[in-house]
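Listed below, chain by chain, are the residues.
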There are 2 protein chains.
Amino acid sequence: MLASLVMTSLRDDVTVLITSFLEPEHVRRIAEAGTGVRVLYDPGLVAPPRFAGDHSGRPDFRRSPDQEARYRGWLVEADVHFDLDAELAPAFPTLAPRLRWIQATSSGIGPVVRRTGLDRSGVTITNAAGIHAVPLAEHALLALLYFVKDVPARLREQRAHAWERHSTRELRGLTATVVGLGAVGLEVARTLRSVGVHVIGVRRSPLAADETTRVDEATTPAHLREVLPRSDALVLIAPHTRETEGMIGATELALLPAGAIVVNIARGALIDEVALIDALRRGHLGGAALDVAAVEPLPADSPLWDLPNVLITPHSAATVARENERLTDLFVENLRRYREGAPLLNLLRL
Amino acid sequence: MLASLVMTSLRDDVTVLITSFLEPEHVRRIAEAGTGVRVLYDPGLVAPPRFAGDHSGRPDFRRSPDQEARYRGWLVEADVHFDLDAELAPAFPTLAPRLRWIQATSSGIGPVVRRTGLDRSGVTITNAAGIHAVPLAEHALLALLYFVKDVPARLREQRAHAWERHSTRELRGLTATVVGLGAVGLEVARTLRSVGVHVIGVRRSPLAADETTRVDEATTPAHLREVLPRSDALVLIAPHTRETEGMIGATELALLPAGAIVVNIARGALIDEVALIDALRRGHLGGAALDVAAVEPLPADSPLWDLPNVLITPHSAATVARENERLTDLFVENLRRYREGAPLLNLLRL
């Protein structure tokens, strides 16, 4: 077991508990973020990461009784959590009496916050919105190019050692409808427009003046069906709410033009997966890039794995090697704001 | 056999022979480009296309003796050729006595022009530079994202039905060296920079004032080795000349950082293919996207087909469904210039 890190600054103003793996250099940056910052962190008390930026860690990790006791002692002391410990969150009212603020390390945390009762606990919660904007926008761009240039056909020919000349579509000039225009959706729009894609943004709330110039057109979910027939691509990055659950069903998929591309970097629950599989099997859709699924991990017997026009990424499109560096940037800035009583960035509206 | 199209306008000022397949709407646009334009075209006299924008056509096509006689009769009459008939070009001085100008349908035609002796024939030749800029730039972008996001690993996991969370690199912030800064190279630079790639342009001739802002840095082939160690990607789009042949050999590949990506959308002869295969096998390179090869079609026994970190596209990255529409745009504009005695676009310097 690695030695524990308990860093104490001059005044014990705020105690931060880090609840998932973080590299020593980032832990140090938090500890040195200001006088009076006390950091509670021991890599031995959290699940070992499987890759850079892994905040779930190895699923087989279990704390020993001694480790559990230490961790729970820290829960009692901490004012602030870096990452949301979803397993213990339902018991935070008794386990973490001093807890005032949780900085989550992902964006789509509405459901887990509701499920664990944190939305009724009085704890302030900030998410990681924006941290994943560039990686997710790059993934959406890759997904569109992958199907526009028909990489699956290229790879079949390559496996057959077949030099078959062909022509492809072009990305430039296509229309993409982006559902969800938060920090990520706006970055997806910016990225696609920079390569000549016409972007229709869909959001429930009206666009601010400085946001209207960031899409070519904007509409609301109520008018989604009207724009689908001219959407060569549909990119989903809206949060999972009662309103968005199942918003893309058989009707919406049928309204897309033949050969359309669906990219889901939001949550699996936004799409009727049975209808999606049907539209893919019938060849109505040109392809689907799915970073999320109705049930995750995607069950081994899901037909999605073997459909030739599907690209599966296991809820990892957002995760890049520099993830923890950026999360620490966000946390250090929010910690400064927290201590000054200034509004926090990425405040989750509960 | 389809009926032949011989369209004659009022004055027989210029006779255009179309030597490869072109859709009727584009043939009509050329015929209607001005009074005095006569178009010679019969789809039965040219090889049937295998895909939109195919200018080679089915390799098993042969004209009957009657068809050959008609085609050769047209060769005698034509002042202008739309597309370069490489097979008969060596005999143009006798077969095509009136020929003054050939509008080629591809860009990298220097070697074929030299091989067929057209460079010494006095015929003006224009190429299709720029027509393929956007498709090739999109291909380069796809290639970089494909390897940066490690799609080969994703597809291996997908085949195994394995939901393995992971992190990837980001494209934003990487450095790409683009060798060749003509119309295509500049569009590649523009596209990559629009998604946050730092672009080093390499060209023999100095950049014009309005070109210097289109790359982040510029250098000459003589200094290529100096920039390779910080090139996360190397994109080749220079013409095949004595100077560029074999310009990327074992030394240059070794200078690239581990994990670098090579994209060849120029000509196979620019790279020492044996050295490339070696660098890929040793895992020094993160990947190679090859649209061209030393010998084309790439021989069935080439090890390149089966290397997991290679993406082969059979000299087709430039070809998109709208190719012939754009070629016709270019030709109609050049035809206007030709008849007015104005400088032609894309004039090949011989």
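This is a predicted model, so every value here is computed, not measured.

Engineer: Help me understand the overall build of chain A in this model?
Structural biologist: Counting its secondary structure elements, chain A contains 12 helices and 13 strands. The globule rule puts the C-alpha radius of gyration for 350 residues at 20 Å, and the 22 Å found for chain A is close to it. The proportion of buried residues among the 350 residues of chain A is 55%. Across chain A, the fraction of contacts at a sequence separation of at least 24, relative to all contacts at a separation of at least 6, is 61%. When the accessible surface of chain A is totalled, it reaches about 14500 Å², and 53% of it is carbon and sulfur. Charged side chains of chain A number 39 positive and 43 negative; the gap between the two group centres comes to 2 Å.

Engineer: So what exactly am I meant to see when it comes to unusual backbone geometry here?
Structural biologist: One can expect most non-glycine residues to show negative phi and most peptide bonds to be in trans. Look at the link from A:Glu296 to A:Pro297: it is a cis peptide, with omega at -5°. One can find A:Pro297 in the loop between β12 (285-290) and β13 (310-312). Notably, B:Asp150 is not glycine yet its phi reads approximately 50°, a positive angle. By the secondary structure assignment, B:Asp150 is in the loop between α5 (133-148) and α6 (151-159). Since its relative accessible area comes to 33%, B:Asp150 is described here as partly exposed.

Engineer: Even after reading the chapter, I still don't get the interface of chain A and chain B, so can you show me in this structure?
Structural biologist: Often, the extent of an interface is quoted as the loss of accessible area upon association of its parts. Chain A puts 57 residues into the contact, and the matching count from chain B is 58 residues. Of the roughly 5000 Å² buried where chain A meets chain B, counting both sides, 59% is carbon and sulfur surface. On the chain A side of the contact with chain B, A:Gln158, A:Trp163 and A:Arg165 bury the most area, a combined 18% of that side's loss. Its salt-bridge partner being A:Lys149, residue B:Glu138 comes within 3.1 Å of it at the nearest N-O pair. Run the count over chain A and chain B and you get 29 residue pairs in polar contact (both at pLDDT 80 or more). The element best represented in the side of chain A that touches chain B is helix α5 (residues 133-148) of chain A, accounting for 7 residues. Class assignment for the residues of the side of chain A that touches chain B results in 28 nonpolar, 12 polar and 17 charged.

Engineer: Quick question: what am I supposed to make of the pairing of strand β8 (residues 198-202) of chain B here?
Structural biologist: All names here are of chain B. Among the 5 residues that make up β8, 4 are buried, leaving the element largely enclosed by the rest of the structure. Pairing analysis gives 5 bridges linking strand β7 (residues 175-179) to β8, with the strands arranged parallel. Bridging across to β8, Thr 175 finds its partner in His 198. For the crossover from β7 across helix α7 (residues 183-194) to β8, the handedness is right-handed.

Engineer: Can you walk me through the domain arrangement of chain A in this structure?
Structural biologist: For chain A, the assigned domains read domain 1 (5-129 + 320-340) and domain 2 (133-312). Computed from C-alpha atoms alone, the centre-to-centre distance between domain 1 of chain A and domain 2 of chain A is 33 Å.

Engineer: Whenever I open this one, the sheet that holds β12(A) confuses me. Can you help?
Structural biologist: The pairing of strands in a sheet happens through backbone hydrogen bonds and is either parallel or antiparallel. Residue and element names in this part refer to chain A. Read across the sheet, 7 strands follow the order β9-β8-β7-β10-β11-β12-β13 without closing on themselves; strand pairing throughout is parallel. Each edge of the open sheet is held by one strand with a lone partner, namely β9 (217-219) and β13. Neighbour-to-neighbour, the strand axes of the sheet open up by a mean angle of 15°, direction not taken into account. Of the strand pairs in this sheet, strand β11 (residues 260-264) and β12 are connected by 5 bridges, and their pairing is parallel.

Engineer: Hey, could you run me through the relation of the copies chain A and chain B in this one?
Structural biologist: Comparison of the two chain copies shows a relationship of rotation about an axis with a shift along it. Overlay of chain A on chain B (RMSD 0.1 Å): rotation 180°, translation along the axis 0.0 Å. Those values place the two copies in the arrangement expected of a two-fold rotation axis. When the interface residues of chain A are mapped onto chain B, 100% of them are again interface residues, pointing to one common binding face.

Engineer: Mind showing me how you'd approach the packing of aromatic side chains here?
Structural biologist: Note on aromatic pairs: each is described by the distance of the centres and the angle between the planes. Here the structure, examined in full by the defined rule, presents 10 aromatic pairs over all chains. Measuring from centroid to centroid gives 6.5 Å for A:Trp163 and B:Trp305, while their planes differ by 85°, and the two rings are edge-to-face. Taken together, the residues span two chains, with A:Trp163 in the loop between α6 (151-159) and β7 (175-179) and B:Trp305 in the loop between β12 (285-290) and β13 (310-312). Both residues of the pair, A:Trp163 and B:Trp305, count as buried. On the basis of an interplanar angle of 20° and a centroid distance of 5.3 Å, the ring pair of B:Trp101 and B:Phe331 is categorised as stacked. One end of the pair, B:Trp101, is in strand β5 (residues 101-103); the other, B:Phe331, is in helix α12 (residues 323-340), and 230 residues separate them in sequence. Residue B:Trp101 is classed as buried on the basis of its relative accessible area, which comes to 0%. Ring pairing ties together the aromatic residues A:Phe82, A:Trp101, A:Phe331 and A:Tyr338, which thus form one cluster. The positively charged end of A:Arg63 is found above the aromatic ring belonging to A:Tyr71, 3.7 Å away from the centroid.

Engineer: Where do I start with the sheet that holds β12(B) in this structure?
Structural biologist: All names here are of chain B. Reading across from one edge, β9-β8-β7-β10-β11-β12-β13 is the order of the 7 strands in this open sheet, with parallel pairing throughout. Either end of the sheet is taken by a strand with one partner, and the two such strands are β9 (217-219) and β13. Taking each pair of neighbouring strands and ignoring which way they run, the sheet shows an average axis angle of 15°. Across the sheet, α5 is in contact with β10 (233-236), β11 (260-264), β12 and β13; its angle to β11 comes to roughly 150°. Those strands touched by helix α11 (residues 273-281) are β12 and β13, and its axis lies near 135° from that of β12.

Criteria and cut-off values
- Every chain's residues receive numbers from 1 upward, in the order its sequence appears when written.
- Whichever chain is written first becomes A and whichever ligand is written first becomes 1, with later ones labelled in order.
- For a predicted model such as this one, the threshold for reporting local features is a pLDDT of at least 70, and the threshold for listing and counting side-chain atom pairs is 80 or more; totals across whole chains, interfaces and linings nevertheless cover every residue.
- Each side-chain value is derived from all of the structure's non-hydrogen atoms; neither hydrogens nor water enter the calculation.
- A run of H or I in DSSP counts as a helix once it spans at least four residues, and a run of E counts as a strand once it spans at least two, with each numbered from the N terminus.
- Every radius of gyration here is taken over C-alpha atoms, with the globule rule written as 2.2 Å times N^0.38, N being the number of residues.
- Relative accessible area decides the class of each residue, using a 1.4 Å probe on protein chains only: under 20% of the type maximum gives buried, over 50% gives exposed, and in between gives partly exposed.
- Any two residues having at least one pair of non-hydrogen atoms within 4.5 Å are treated as being in contact.
- For accessible areas, the Shrake-Rupley method is used with a probe of radius 1.4 Å. Any residue's cover is judged against the shown protein chains and nothing else.
- By the counting rule applied here, Lys and Arg register as positive and Asp and Glu as negative, while His and the ends of each chain are not counted.
- By convention, charge coordinates are those of NZ in Lys, CZ in Arg, CG in Asp, or CD in Glu.
- Two parts placed together each lose some accessible area under a 1.4 Å probe, and the buried area is that loss summed for both.
- The working definition used for a salt bridge is a side-chain nitrogen of Lys or Arg within 4 Å of a carboxyl oxygen of Asp or Glu.
- Polar contact is the term for a pair of N or O atoms within 3.5 Å; when the atoms are in protein, one must be able to donate a hydrogen and the other to accept it, and sequence-neighboring residues count only if both atoms are side-chain atoms.
- Any residue that is not Ala, Val, Leu, Ile, Met, Phe, Trp, Tyr, Cys, Pro, Asp, Glu, Lys or Arg is counted as polar, Gly included; the first ten are nonpolar and the last four charged.
- By the convention used here, strands pair only if DSSP detects at least 2 bridges between them.
- The handedness rule is simple: strands pointing away from the viewer, and a clockwise path from the first strand over the helix to the second, make the crossover right-handed.
- By convention here, the domain bounds are inherited from an automatic or database domain assignment.
- Angular values range over 0 to 180 degrees, each being the angle between N-to-C directions of two axes fitted as lines to C-alpha atoms, with helices fitted over their stretch in contact.
- A residue counts toward the fit only if its pLDDT is at least 70 in both copies, and the copies are then superposed by least squares on the C-alpha atoms of those residues.
- In this analysis, rings of Phe, Tyr and Trp, with Trp reduced to its six-membered ring, are considered paired at centre separations within 6.5 Å, and the interplanar angle assigns stacked below 30 degrees, edge-to-face beyond 60, and tilted for intermediate values.
- Sitting over a ring, as applied to charges here, requires NZ of Lys or CZ of Arg to be within 6 Å of the ring centre and within 35 degrees of the ring normal.

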